[in-house]
Amino acid sequence: MSVVRCRVVPTGRDAGLAPPDHPAAGAPVPPAADPKEPLVTDVLRQHAEDAFAGELAALAAQDDRPRPERWKLSPWAVATYLLGGELPDGTAITPKYVGPRRIVEVAVTTLATDRALLLLGVPGTAKTWVSEHLAAAISGDSTMLVQGTAGTPEEAVRYGWNYARLLTHGPSRDALVPSPLMRAMAGGRIARVEELTRIPVDVQDSLITILSEKTLPVPELGTETQAVRGFNVIATANDRDRGVNELSSALRRRFNTVVLPLPGSLEEEVDIVTRRVNQLGRSLDLPELPGGAEEIRRVVTVFRELRAGITVDGRTKVKTPSGTLSTAEAISVVTNGLALAAHFGDGVLRAGDLTTGILGAVVRDPVADRAVWREYVEGVVRERDGWKDFYRAAREVTA
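Here's what I pulled together on the structure shown here. Since we're looking at a predicted model, the values are computed, not measured.

**Details of the overall build of the protein chain**
For the protein chain, the count of helices and strands is 16 helices and eleven strands. In the protein chain, which comprises 399 residues, the share counted as buried stands at 48%. The long-range share in the protein chain, meaning contacts at least 24 apart out of those at least 6 apart in sequence, stands at 72%. Taken as a whole, the protein chain presents about 18900 Å² of accessible surface, with 52% of it coming from carbon and sulfur.

Right, dumping it as structure tokens:
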């Protein structure tokens, strides 16, 4: 397989989609030769504003609608960037999110108000993906990120200190280490908080003053950072985390909650998986293999049936495993199958390249989930026309 080497092209923040306080803010970005294709660099995973700099520039150039203060695009253009469409000059904007348009419109308009946005849904419903692309389209910078974990400290939300300078010179602006939220407040950008309900409750409560008063006090210096226009927060949380660190009513009131649903139809989910697998395959230098479309449809069918507890034709009820079997997991299974077929197979994506990954996604409980999988294989897969190869591969990995 040949390796194409190319020059790293400055995109996103480095090519004109600069932060509002940067001298280059607002400078035009020349669109890519083909705005539909992300620019190729040596970076394994580009930020959204870099990977889709051509599309963002094309939208900005033709966007004549009103823009909120410090927004790179109008709300209409942000929604078009996420949902896809064709611009007046014929430029095609690829969909970043496949789902109800109204959901995206509500999310975008929320960020144009003084309320923060909470994206809620089961794991794998593209909450992080939507959050990143919203920040990229609005601020041109999706990197103002706090990753929520059980160990996230208060400093990650507010600010910390450079202890060497603190011990030498005492509290000062030079010794202060601003959090991503503090930098977003000062620059009028979008900040992101991932997995909000995994953050300890006392740290969550640090957000209340930021979201309600739009200010972050620094009592050690007798000063504060006030948010400038353009600042807002996108947080994500999943339904499976209810009861881990439940949001207080005071904090929840500061958010407008938008629930991201699972894909509504088989065709919709197949389309999502196909798009993301193609994008990931290009970034990993995986070739396009024969058999991909058929196998993607079978993986998505298996996931949807086990998730819903009924076959797609509605005739047979099946038991559901303990895992979520999300769209994101289907993407991972297919991508791994492509790598197996390319590096250890015959260059054709086959059922045997996928069934091990499917088994790993389904069987979380080694006893109960394995029984669910066996019953599904013998009761559904075995009798399905055109699935004999899948049945043999599933039997083999199960044994």
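**Topic: the nonpolar core**
Here is a general trend for soluble globular proteins: nonpolar side chains tend to be buried in one another's company. Core analysis: the largest hydrophobic core is formed by 38 residues, its most contacted members being Val-302, Phe-303, Ile-358 and Trp-373. Residue assignment for this core shows that the elements contributing at least two residues are α11 (266-283), α12 (292-308), α13 (327-344), α14 (355-362), α15 (368-381) and α16 (388-398). Among all residues touching Trp-373, those that are not within four sequence positions of it are Val-302, Leu-306, Ile-358, Leu-359, Val-362, Val-363, Ala-394 and Thr-398. Grouped together as the second largest cluster of nonpolar side chains are 34 residues, Trp-71, Ile-93, Ala-136 and Ile-190 included.

**Considerations on the side chain of Ser-139**
Looking at where Ser-139 falls in the secondary structure, it is placed in helix α5 (residues 127-139). Given the relative accessible area of 2%, Ser-139 is considered buried. Side-chain polar atoms of Ser-139 contact the backbone nitrogen of Ile-190, separated by 2.9 Å.

How each quantity is defined
Residues numbered from 1 in each chain as written. Predicted model: local features only at pLDDT ≥ 70, side-chain atom pairs only at ≥ 80, totals over all residues. Heavy atoms only, no water. Helix = DSSP H or I, 4+ residues; strand = E, 2+ residues; numbered from the N terminus. Buried < 20%, exposed > 50% of the residue type's maximum accessible area, 1.4 Å probe, protein only. Contact = heavy atoms within 4.5 Å. Areas by Shrake-Rupley, 256 points an atom, 1.4 Å probe, with all protein chains shown as cover. Core = buried A, V, L, I, M, F, W, Y, C linked by side-chain atoms within 4.5 Å. Polar contact = N/O pair within 3.5 Å; in protein donor to acceptor, adjacent residues only side chain to side chain.

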